[in-house]
Amino acid sequence: MEMIRDHTSHGRKAAYPVVAIGNFDGVHRGHQAVLKRAVEKAKAKKGTGIVLTFEPHPLRVLAPTQDLKFLMTFEERLRWIERTGIRQVRAVPFTRDFADLSPREFARKILCEDLGAKEVFVGGHFAFGKDRKGTIRDLQALGDELGFQVHAVEAVLVGGRPVSSSRIREYLMAGRVADARELLGRDYNLEGRVIPGAQRGRALGYPTANFIPPAERVIPCSGIYAVRAELKGRVLNGAGYIGTQPTLGSQERRVETHFFEPQDDLYDLPIRVNFVDWIRPEQTFKDKAELVRQIEEDIHKAKAILEQ
């Protein structure tokens, strides 16, 4: 997949450009439906499936004081977009000047003149242009005028409600990772590098691989989870913990994973932890013996969940 951090063609427009527009945070099932339609149309027309997205996220510019958390880093989004069959990503540098483009200017300059779009695919709640004043009907009318066709892809419904990034965030913040998986189409995960810990888990007989999750990511609520971790080219089952270890006096929030199979030294290795299901919230225990008993119960529950 070709990655271009610009929207201009520089004199080399793609063959029959079919453009999907969006931020695509999470590349969830709703996003996948939009991308799938664009890829299918591009193949039918022997054209090029293109994603038009924005870097940084528009809210970083429009609401800089807001504490934004994302379902994916930008690089992760690119990896998942590539899996859909999209051939090219155009990442527009999102600036105040870009945000001030009127709906007509956006359609004319970006979609028509720069990308040469022949067909455009958007989600059902798409809005564009300054202050998001442009509607899908506006874009369809501009497309008729400027020479491209606009397709609004119907929302994907789960439980009678549309799939959305905000709904996934709500589920994750409540620990409902299995419900989040239904909307994402896969387990939610966090990535990092294994760091040295205080060896407290090892002292209790349950060593863990620890990492501090990226500050910009949505972190599921503190607690215990059944997890599958990708490490050293393998997928390992385990019990995962997110929290601050209140019983042991630690303060820094991190992700810790105890693997059911013993592992060698893992320090500084990249790790991706996939959260399969919730087991219980974070708790404080009266002593280490009570903590160990609970750990044993958590591991038993995690094994049962993962065996299913």
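Here the structure is a predicted model, which means the values were calculated and not measured. (Residues numbered from 1 in each chain as written. Predicted model: local features only at pLDDT ≥ 70, side-chain atom pairs only at ≥ 80, totals over all residues. Heavy atoms only, no water.)

### Remarks on the packing of helix H5 (residues 103-114) against helix H6 (residues 136-146)
Across the interface, H5 lies against H6 with an axial gap of 10 Å and an inter-helix angle of 50°. Viewed along their axes, H5 and H6 adopt a mutual orientation that is oblique. Read as a crossing pair, H5 and H6 show a hand that is right-handed. Each of Pro-103, Arg-104, Ala-107, Arg-108, Leu-111 and Cys-112 in H5 lies in contact with H6, whose residues at this interface are Leu-139, Leu-142, Glu-145 and Leu-146. Of the residues belonging to the contact of H5 with H6, the class tally is seven nonpolar, no polar and three charged. (Axes fitted to C-alpha atoms, helices over the stretch in contact; angles between N-to-C directions. Helix = DSSP H or I, 4+ residues; strand = E, 2+ residues; numbered from the N terminus. Parallel < 35°, antiparallel > 145°, perpendicular 65-115°, else oblique. Left-handed = near helix turned anticlockwise from the far one by under 90°. Contact = heavy atoms within 4.5 Å. Nonpolar A, V, L, I, M, F, W, Y, C, P; charged D, E, K, R; others polar.)

### Things to note about the layout of surface pockets
Regions of empty space are outlined by a rolling probe, equal in size to a water molecule, passed over the atoms. Considered as a void within the structure, the largest pocket measures approximately 1300 Å³ in volume. Along its surface, the largest pocket is lined by 46 residues, and Gly-22, Asn-23, His-125, Phe-126 and Arg-132 are the ones closest to its centre. It is helix H1 (residues 29-44) that contributes the most residues to the lining of the largest pocket, four residues altogether. Each residue belonging to the lining of the largest pocket can be placed in one class, and the counts come to 23 nonpolar, 14 polar and nine charged. (1 Å grid on protein atoms, 1.4 Å probe; cavity = no way out; pocket = protein on both sides within 12 Å on 5 of 7 lines; lining within 4 Å. Points joined across faces, edges and corners; volume = space filled by probe spheres on them.)

### Some points on the pattern of salt bridges
Per the stated rule, a full pass over the model turns up 15 salt bridges. With a closest N to O distance of 4.0 Å, Asp-114 and Lys-109 form a salt bridge. Put simply, Glu-191 and Arg-272 hold a salt bridge, and the shortest N to O gap is 2.7 Å. Pair noted here: Glu-191 is in strand S9 (residues 188-193) and Arg-272 is in strand S14 (residues 270-281), with a separation of 81 residues, a long-range link. Residue Arg-272 is classed as partly exposed on the basis of its relative accessible area, which comes to 23%. One connected set of salt bridges, linked through shared partners, spans Arg-79, Glu-191, Glu-230 and Arg-272. (Salt bridge = Lys/Arg side-chain N within 4 Å of Asp/Glu carboxyl O. Buried < 20%, exposed > 50% of the residue type's maximum accessible area, 1.4 Å probe, protein only.)

### Let's talk about H6
Every buried residue of H6 is accounted for by Ile-136, Leu-139, Leu-142 and Gly-143. Buried residues of H6, viewed axially, fall in a sector of 120°; they line one side. Facing away from the buried side of H6 by over 90 degrees, the exposed positions are Arg-137, Asp-144 and Glu-145. Where H6 is buried, its residues touch H5, strand S5 (119-123) and strand S6 (149-153). Remark: Gly-147 follows H6 within two positions and exhibits a positive phi of approximately 100°. (Arc of directions from axis to C-beta.)

### Some thoughts on the side chain of Asn-210
Along the chain, Asn-210 falls in strand S10 (residues 209-211). Within polar-contact distance, the side chain of Asn-210 engages the side chain of Thr-208 at 2.7 Å. Contact partners of Asn-210, with chain neighbours within four places excluded, come to Arg-193, Val-194, Ile-195, Gly-197, Arg-254, Val-255 and Glu-256. (Polar contact = N/O pair within 3.5 Å; in protein donor to acceptor, adjacent residues only side chain to side chain.)

### A word on the packing of aromatic side chains
Enumeration according to the criterion identifies eight aromatic pairs in this entry. With a centroid separation of 6.0 Å and an interplanar angle of 50°, the aromatic rings of Phe-54 and Phe-98 are classed as tilted. Taken together, the residues span a long stretch of sequence, with Phe-54 in strand S3 (residues 48-55) and Phe-98 in helix H4 (residues 96-99) at a distance of 44 residues. Take Phe-54 and Phe-98: they sit in the same class, and that class is buried. When the ring of Phe-94 is compared with that of Phe-98, the centres are 5.6 Å apart and the planes differ by 65°; the resulting orientation is edge-to-face. (Phe/Tyr/Trp six-rings, centres within 6.5 Å; stacked < 30°, edge-to-face > 60°.)

### Here's the deal with the sheet that holds S14
Taken in spatial order, the six strands of this open sheet run S9-S14-S11-S12-S13-S10, and their pairing is antiparallel. Of all the strands in the sheet, the pair left with one neighbour each is S9 and S10. Neighbour to neighbour, the strand axes of the sheet diverge by 35° on average, direction disregarded. With six bridges joining them, strand S12 (residues 234-243) and strand S13 (residues 254-259) adopt antiparallel strand pairing. Looking across to S13, one finds that Tyr-241 is bridged to Glu-256. The sheet contacts of helix H8 (residues 177-184) involve S9, strand S11 (223-231) and S14, and relative to S14 the element is tilted by about 125°. (Pairing = 2+ DSSP bridges.)

### Quick word on the pairing of S14
Bridging between S9 and S14 involves six bridges; their strand directions are antiparallel. The partner of Asn-189 across the bridge, within S14, is Asn-274. With nine bridges joining them, S11 and S14 adopt antiparallel strand pairing. Counted as the bridge partner of Val-227 is Phe-275 from S14.

No statement about biological role is implied by the geometric values presented.
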